[in-house]
Amino acid sequence: MDPEVAAALDRAARTALAHADRLAAVPPGAWPDGGLLPVSGASGRAAALQMRVSQVDAPTDLGYQRYVPSLSAVLVGRKRSIVGDDDQEWGREHFLITPVDLPVVAGVTEVEDRGFVAVVWRLDPVVVGEVVASMSRSAAPLVEPPRLGTWTPALADAFARLIGLLDNPEDVPVLFPLVSREVVLRLLQTEQAPRILAALDNESVVAKATALLIDRLDEPWSMDRLAGTLLTSASTLFTRFKQTTGMSPAQYLKRARLGGGTAADGRARRDRGPCGDGRRVPQRVALLTGLPGGVRPAAGRGRRGCTGGVRRGRVSTLGPS
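Residues numbered from 1 in each chain as written. Predicted model: local features only at pLDDT ≥ 70, side-chain atom pairs only at ≥ 80, totals over all residues. Heavy atoms only, no water.

### Looking at the overall build of the protein
Helices and strands together make up the secondary structure of the protein, namely 12 helices and 10 strands. By residue count, 51% of the 321 residues in the protein fall in the buried class. Considering only contacts in the protein between residues 6 or more positions apart, those separated by 24 or more positions represent 79%. Summed over its atoms, the accessible surface of the protein is roughly 13500 Å², and 52% of this surface lies on carbon and sulfur atoms. (Helix = DSSP H or I, 4+ residues; strand = E, 2+ residues; numbered from the N terminus. Buried < 20%, exposed > 50% of the residue type's maximum accessible area, 1.4 Å probe, protein only. Contact = heavy atoms within 4.5 Å. Areas by Shrake-Rupley, 256 points an atom, 1.4 Å probe, with all protein chains shown as cover.)

Okay, structure coming up:
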């Protein structure tokens, strides 16, 4: 890791530790609307900065999480995140951008003496729009960026100063608007720019598609029907959806159904079974292991999944899963 990046993230970690919401354990089903670290659960100084800072004392099982548009950073420890077919274990060397409401399977894999500490900072589309409008740059290419971003020294320094405002609440009214815009600017200078831009427009075809699928989970969607409802072509919708979310519409719908109070969720509860190491897979993850494009071992970890007794979920006709 770049020494400047490491120094900045060390500063951020020290501040975050002093203000983290401490959790001895993660209760099942505790993260209904913002992932492992729900922004909606923030309080006090963190809430004023539109962020959630959390500390977990021990590794957790994998579980379904729904992330709001946000920047997620791990400052101490490591976690595993599964988005579509992308399955990675990561720590402070990377960050995760979720440009739209995104269903993710994730859990803490490693803790240090200080536990696991992470920050989720909500991306404000108004701020993103103001920064983009002031920049002279061409539009981001329509390509899918890497799922995880890599810190630059300028981005890590700006993010550390954003976290540093937790120590100085009297400075927040003046400095928060400035530092938050700098963080967005630095993000737009990374390979994650397409995802940042996707968080800008609530009226984009991808934002409309995700809102429609979440609102009407139980309906039998096809790619043609979804594209027709949104007044766009199936090929355009598929390409933009994959670029923005990292998964196909079928994968998105499958993950969302696993996290909602649908028939699929009921099947997951009935079908959970023992893991090879004696533990039980979280009920929603158990169903994923029996589906194409479901839970797979993270790269380099050699983790074994549990497939015994898992039935197939409802079949989607939205395209490749």
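### Quick word on the sheet that holds strand β8 (residues 102-110)
Read across the sheet, four strands follow the order β3-β8-β5-β6 without closing on themselves; strand pairing throughout is antiparallel. Whereas interior strands pair on both sides, the edge strands pair on one side only; in this sheet they are β3 (63-67) and β6 (86-90). Across the sheet, the axes of successive neighbouring strands diverge by a mean angle of 30°, strand direction being ignored. With five bridges joining them, β3 and β8 adopt antiparallel strand pairing. (Pairing = 2+ DSSP bridges. Axes fitted to C-alpha atoms, helices over the stretch in contact; angles between N-to-C directions.)

### A short note on the packing of helix α4 (residues 153-164) against helix α5 (residues 172-188)
With their axes 9 Å apart at the nearest point, α4 and α5 run at an angle of 155° to one another. On the basis of their axis angle, the class for α4 and α5 is roughly antiparallel. Between α4 and α5 lies a crossing whose hand is left-handed. Of the residues in α5, those touching α4 at Ala154, Leu155, Ala158, Phe159, Arg161 and Leu162 are Phe176, Val179, Glu182, Val183, Arg186 and Leu187. Per-class residue counts for the contact of α4 with α5 are nine nonpolar, no polar and three charged. (Parallel < 35°, antiparallel > 145°, perpendicular 65-115°, else oblique. Left-handed = near helix turned anticlockwise from the far one by under 90°. Nonpolar A, V, L, I, M, F, W, Y, C, P; charged D, E, K, R; others polar.)

### Observations regarding the packing of helix α1 (residues 3-19) against α4
A pair of packed helices is characterised by two quantities: the angle between their axes and the separation of those axes. It is the contact of α1 with α4, at a shortest axis distance of 8 Å, that shows an interaxial angle of 15°. Considering their axes alone, α1 and α4 lie roughly parallel with respect to each other. Like other packed secondary-structure pairs, α1 and α4 cross with a definite hand, here left-handed. Residues Glu4, Val5, Ala8, Leu9, Arg11, Ala12, Thr15 and Ala16 of α1 pack against Pro153, Ala156, Asp157, Ala160, Ile163 and Gly164 of α4. Among the residues making up the contact of α1 with α4, the classes are represented as nine nonpolar, two polar and three charged.

### Some details on the pattern of salt bridges
Counted according to the given criterion, the structure contains 12 salt bridges. Here Arg78 and Glu89 are joined by a salt bridge, their closest N and O atoms 3.4 Å apart. Here Glu89 lies in strand β6 and Arg78 lies in strand β5 (residues 78-83), a separation of 11 residues in the sequence. A residue is classified by how much of its surface remains accessible, and Arg78, at 22% relative accessible area, is partly exposed. Across the salt bridge formed by Glu93 and Arg78, the nearest N and O atoms sit 3.3 Å from each other. Remark: Arg78 occurs in strand β5 and Glu93 occurs in the loop between β6 and β7 (94-98); sequence separation between them is 15 residues. (Salt bridge = Lys/Arg side-chain N within 4 Å of Asp/Glu carboxyl O.)

### Some details on the packing of aromatic side chains
Overall, the coordinates contain three aromatic pairs when judged by the stated rule. For the pair Trp151 and Phe159, a centre-to-centre distance of 5.3 Å together with 45° between the ring planes defines the contact as tilted. In this structure Trp151 comes out as buried when scored by relative accessible area, which is 7%. Judged by its relative accessible area of 0%, Phe159 is buried. With centroids separated by 5.5 Å and ring planes inclined at 85°, the aromatic side chains of Phe241 and Tyr252 adopt a geometry described as edge-to-face. One end of the pair, Phe241, is in helix α9 (residues 234-245); the other, Tyr252, is in helix α10 (residues 249-259), and 11 residues separate them in sequence. Tyr252 matches Phe241 in its accessibility class, with the two residues each being buried. The ring centre of Trp221 lies 4.1 Å from the NZ or CZ of Arg225, which sits over that ring. (Phe/Tyr/Trp six-rings, centres within 6.5 Å; stacked < 30°, edge-to-face > 60°. Lys NZ or Arg CZ within 6 Å of the ring centre and 35° of its normal.)

### As for helix α3 (residues 125-134)
Along α3, the residues classified as buried are Val127, Val128 and Val131. End-on view of α3: buried residues confined to an arc of 100°, all on one side of the axis. Projecting away from the buried face of α3 at angles above 90 degrees are the exposed residues Val126 and Ala133. Against the buried residues of α3 lie α5 and α6 (193-198). (Arc of directions from axis to C-beta.)

### Remarks on the pairing of strand β2 (residues 51-56)
Among the six residues of β2, six are classified as buried, and the element is accordingly described as predominantly covered. In terms of strand pairing, β2 meets strand β9 (residues 116-122) through six bridges, oriented antiparallel. Looking at β9, one finds that Arg52 is bridged to Val120.

### Section: the confidence of the model for the protein
Here the protein shows a mean pLDDT of 75. Residues at 70 or above account for 70%. No element of the protein has a lower mean pLDDT than helix α12 (residues 283-288), which averages 32, and none a higher one than α4, which averages 98. Residue range residues 261-316 is modelled with pLDDT below 50. Its contacts to residues more than four positions away, or to other chains, number 109 contacts. (pLDDT = per-residue confidence, 0-100.)

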